[in-house]
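Now for the letters of each chain:
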Amino acid sequence: MEKRKLGFWEIWNMSFGFLGIQMGFALQNANASRILQIFGADVHELSWFWIVAPLTGLIIQPIIGYYSDRTWTKLGRRRPYFLVGALLASVGLVLMPNADMFTAFLPSLWVGAGMLMIMDASFNVAMEPFRALVADILPSDQRTLGFSIQTVLIGVGAVVGSWLPYVLTNWFGVLNDAKPGEVPLNLLLSFVIGAAVLVISILITVFSTKEYTPEEMAQFSVDEDEVVEEESSLLDIFTDFKKMPLTMKQLSFVQFFSWFGLFGLWVFATPAIAHHIYGLGLDDHGKAYQNAGDWVGILFGVYNAVSAVFAFFLPAIAKKIGRKKTHAISLVIGGLGLISIYFMPNEDWLILSMIGVGIAWASILAMPYAILAGSIPAKKMGVYMGIFNFFIVLPQIVNALIGGPIVKYVYGGNPIYALIISGVSFLIAAILVSRVKDVDDVITDN
């Protein structure tokens, strides 16, 4: 028995919830540092507040993956998890910029950091079951297309989320300045809109997608070991970690340097560009800083827009030159884009830098998963996708621990150098791609 090939719009609807997830994620990535600075965080402390996000992912992802492999409800196997994750993330989106409402109980900075934790934990609950859903439902020869469509939707959602504060201010006249310690109205409205879109898009996927039953999944298995029912427990995650496929181990090094670089971009882009390009002081959080922050949102939208377009071409490029070469070349282009930020004469030129970042981002979101899916046992797709997230969150935790002190003591407080190191990390990841064994490519060659 073989999995049914899906039409384009069936695959589109299956992944549509990722548009809302990424819209919320983009709002977080582009604006969380700015909001935390408004609430009183120093630039060298930002990475420490951000550490909560990858830590929750490190704990939650494998657990969610393990249980989603063993769940079957009226909503299916994966859908209950990303529905609950979306609802919790929407709560975090609404409350983070409104953290000053809770100052009677805790300082707004700590409430804001707590909402960042809730948001990222909830995004983690939602994201990996979506990855596993593609691998569950699509046959092997449609997986690259599936992950690429997912990347397109991620890009569209991220563009809308990243540009929303700028659009509200410059197109609709919503104020982007506020009293000291308060979040501007354009950010408040952006987060509320993001929460609404997140819930609606997830519901579209939940009600338009049908999952295979456990009995049908068993019939698709070609490995006899996979269809044997065994007693298992959550502690089996550690056993599965030890037994991870060779391809997964090789990809882990690529993922480490890719996501080390991405974390540096997300945490330090706003203060780095405000200081290095706009010439603002690191403690200046006035209207000029808010303008710089809005422009960073535009830049983040640019790289996500580029990723959405480039994702359409990824399957054809990968078919022509292979998934490994596609990923390596994309990472090189992205690394050079990040490094070029240092040399750009003004904020408009940064669009060129972000085009390179967008090409890398598209590949990071699609190619590793397309390569990985062919090496994972079908019945453990969820838990291994969760374990694979270790190699996304661990580099972020490392960067969170050392990034701030390095900016303060090594870079003399200038965060632009953190973006350069992010570019170098991309280049190292590109080199490491050559060590990866793409199992599906080997099968195709034979």
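Since we're looking at a predicted model, the values are computed, not measured.

K.L.:
Give me the lowdown on the overall build of the protein chain, citing residues and values where you can.
P.N.:
Summing up its helical and strand segments, the protein chain has 19 helices and zero strands in all. A total of 446 residues make up the protein chain; the buried ones form 60% of that total.

K.L.:
Could you give an account of the environment of Ala 292, with specific residues and numbers?
P.N.:
By secondary structure assignment, the location of Ala 292 is in helix α13 (residues 287-321). Each C-alpha atom, one on Ala 292 and one on Ile 277, is 9.1 Å from the other, the two residues being 15 residues apart in sequence. Discounting residues that sit within four places of it in the chain, Ala 292 has contacts with Ala 274 and Tyr 278.

K.L.:
So, the nonpolar core: which residues are in play, and what are the values?
P.N.:
Ile 21, Leu 36, Phe 123, Ile 202, Leu 265 and Trp 266 are the most contacted members of the largest nonpolar core, which totals 125 residues. Among the elements that line this core, the one with the most residues is helix α15 (residues 350-373), at 16 residues. Among residues more than four places away in sequence, those in contact with Ile 202 are Gly 17, Ile 21, Phe 82, Leu 83, Ala 86 and Phe 130.

K.L.:
Residue-level account of the packing of helix α2 (residues 17-38) against helix α12 (residues 246-276), with values.
P.N.:
Helix-helix packing: each pair is described by the crossing angle between the helix axes and the interaxial distance. As a packed pair, α2 and α12 sit with axes 9 Å apart at the nearest point and diverge in direction by 55°. Between α2 and α12, the angle falls in the class oblique. Considering the relative orientation of α2 and α12, their crossing is right-handed. On α12, the residues touching Phe 25, Asn 29, Ala 30, Ser 33 and Gln 37 of α2 are Trp 266, Val 267, Thr 270 and Pro 271. For the contact of α2 with α12, a count of residues per class yields five nonpolar, four polar and no charged.

K.L.:
Tell me what's going on with a nonpolar patch on the surface, and back it up with residues and numbers.
P.N.:
Judged by side-chain polarity, Phe 8, Trp 9, Val 309, Phe 312 and Phe 313 come together as a nonpolar surface patch covering roughly 560 Å² of accessible area. Sort the elements by how many residues they give to the nonpolar patch and α13 lands first, with three residues. Along the chain, Phe 8 turns up in helix α1 (residues 8-15). Note on Phe 8: relative accessible area 34%, which makes it partly exposed.

K.L.:
Any chance you could break down the pattern of salt bridges for me, citing the residues and the numbers?
P.N.:
Side chains bearing opposite charge may pair, as long as their charged atoms lie close to each other. Counted under the stated rule, the structure contains five salt bridges. Here Arg 78 makes a salt bridge to Asp 136, at a shortest N to O gap of 2.6 Å. With Arg 78 in the loop between α4 (52-69) and α5 (79-95) and Asp 136 in helix α6 (residues 108-137), this residue pair connects regions lying 58 residues apart in the sequence. Neither residue differs from the other here; Arg 78 and Asp 136 are each classed as buried. Close ionic contact of Glu 211 with Arg 79 constitutes a salt bridge, the shortest N to O distance being 3.1 Å.

K.L.:
Kindly report on the side chain of Gln 150, identifying the contributing residues and their values.
P.N.:
By the element assignment, Gln 150 lies in helix α7 (residues 143-170). For Gln 150, a relative accessible area of 0% corresponds to the buried category. Look past the residues within four positions of Gln 150 in its chain and what remains in contact with it is Ser 15, Phe 18, Phe 130, Arg 131 and Val 134.

K.L.:
I'd love a proper account of α2, names of residues and values included.
P.N.:
Taking 1.5 Å of rise per residue, 22 residues should cover 32 Å, and α2 covers 31 Å from first to last C-alpha, within 8% of that figure. In the structure, α2 departs most strongly from a straight axis at Asn 31, where the bend amounts to approximately 50°. Burial within α2 is extensive, with 22 of its 22 residues counted as buried. Just downstream of α2, Gly 40 is the residue with a positive phi angle, here 120°.

K.L.:
So what's going on with the packing of aromatic side chains? Which residues, and what values?
P.N.:
This structure, assessed with the given rule, holds 16 aromatic pairs. Both rings, one in Tyr 166 and one in Trp 295, keep their centres 6.3 Å apart while their planes meet at 65°; by these two values the pair is edge-to-face. With a gap of 129 residues between them, Tyr 166 in helix α7 and Trp 295 in helix α13 connect regions that are remote in the sequence. Owing to a relative accessible area of 13%, Trp 295 belongs among the buried residues under this scheme. Taking the centre distance of 5.3 Å and the plane angle of 75° together, the rings of Phe 256 and Phe 257 count as edge-to-face. Among the aromatic side chains, those forming a connected cluster through ring pairs are Phe 25, Phe 123, Trp 259, Trp 266, Phe 300, Tyr 303 and Trp 361. Lying across the ring of Phe 253, Arg 435 places its NZ or CZ 5.5 Å from the centre.

K.L.:
Please give an account of the confidence of the model for the protein chain that cites residues and values.
P.N.:
Overall, the prediction assigns the protein chain a mean pLDDT of 83, with 88% of residues at 70 or greater. Ranking the elements of the protein chain by mean pLDDT puts helix α10 (residues 224-227) last, at 41, and helix α18 (residues 416-432) first, at 96. Confidence over residues 223-231 falls short of pLDDT 50; this stretch has nine contacts with residues more than four positions distant or in other chains. In this model residues 442-446 is a low-confidence stretch, pLDDT under 50, and it forms one contact with partners more than four residues away in sequence or in other chains.

K.L.:
Tell me about the side chain of Asn 399, and name the residues and values.
P.N.:
The topology assignment puts Asn 399 in helix α17 (residues 390-410). By relative accessible area, which is 5% here, Asn 399 ends up buried. Within polar-contact distance, the side chain of Asn 399 engages the backbone oxygen of Phe 260 at 2.8 Å. In this view, Asn 399 contacts Ser 47, Phe 260, Phe 263, Gly 264 and Gly 404; residues no more than four positions away in its chain are not counted.

Rules of the game
- Residues numbered from 1 in each chain as written.
- Predicted model: local features only at pLDDT ≥ 70, side-chain atom pairs only at ≥ 80, totals over all residues.
- Heavy atoms only, no water.
- Helix = DSSP H or I, 4+ residues; strand = E, 2+ residues; numbered from the N terminus.
- Buried < 20%, exposed > 50% of the residue type's maximum accessible area, 1.4 Å probe, protein only.
- Contact = heavy atoms within 4.5 Å.
- Core = buried A, V, L, I, M, F, W, Y, C linked by side-chain atoms within 4.5 Å.
- Axes fitted to C-alpha atoms, helices over the stretch in contact; angles between N-to-C directions.
- Parallel < 35°, antiparallel > 145°, perpendicular 65-115°, else oblique.
- Left-handed = near helix turned anticlockwise from the far one by under 90°.
- Nonpolar A, V, L, I, M, F, W, Y, C, P; charged D, E, K, R; others polar.
- Patch = residues over 30% accessible without salt bridge, like charges linked within 9 Å, V, L, I, M, F, W, Y side chains within 5 Å.
- Areas by Shrake-Rupley, 256 points an atom, 1.4 Å probe, with all protein chains shown as cover.
- Salt bridge = Lys/Arg side-chain N within 4 Å of Asp/Glu carboxyl O.
- Expected span 1.5 Å × (residues − 1).
- Bend = angle between axes of the 7 residues up to and from the residue.
- Phe/Tyr/Trp six-rings, centres within 6.5 Å; stacked < 30°, edge-to-face > 60°.
- Lys NZ or Arg CZ within 6 Å of the ring centre and 35° of its normal.
- pLDDT = per-residue confidence, 0-100.
- Polar contact = N/O pair within 3.5 Å; in protein donor to acceptor, adjacent residues only side chain to side chain.

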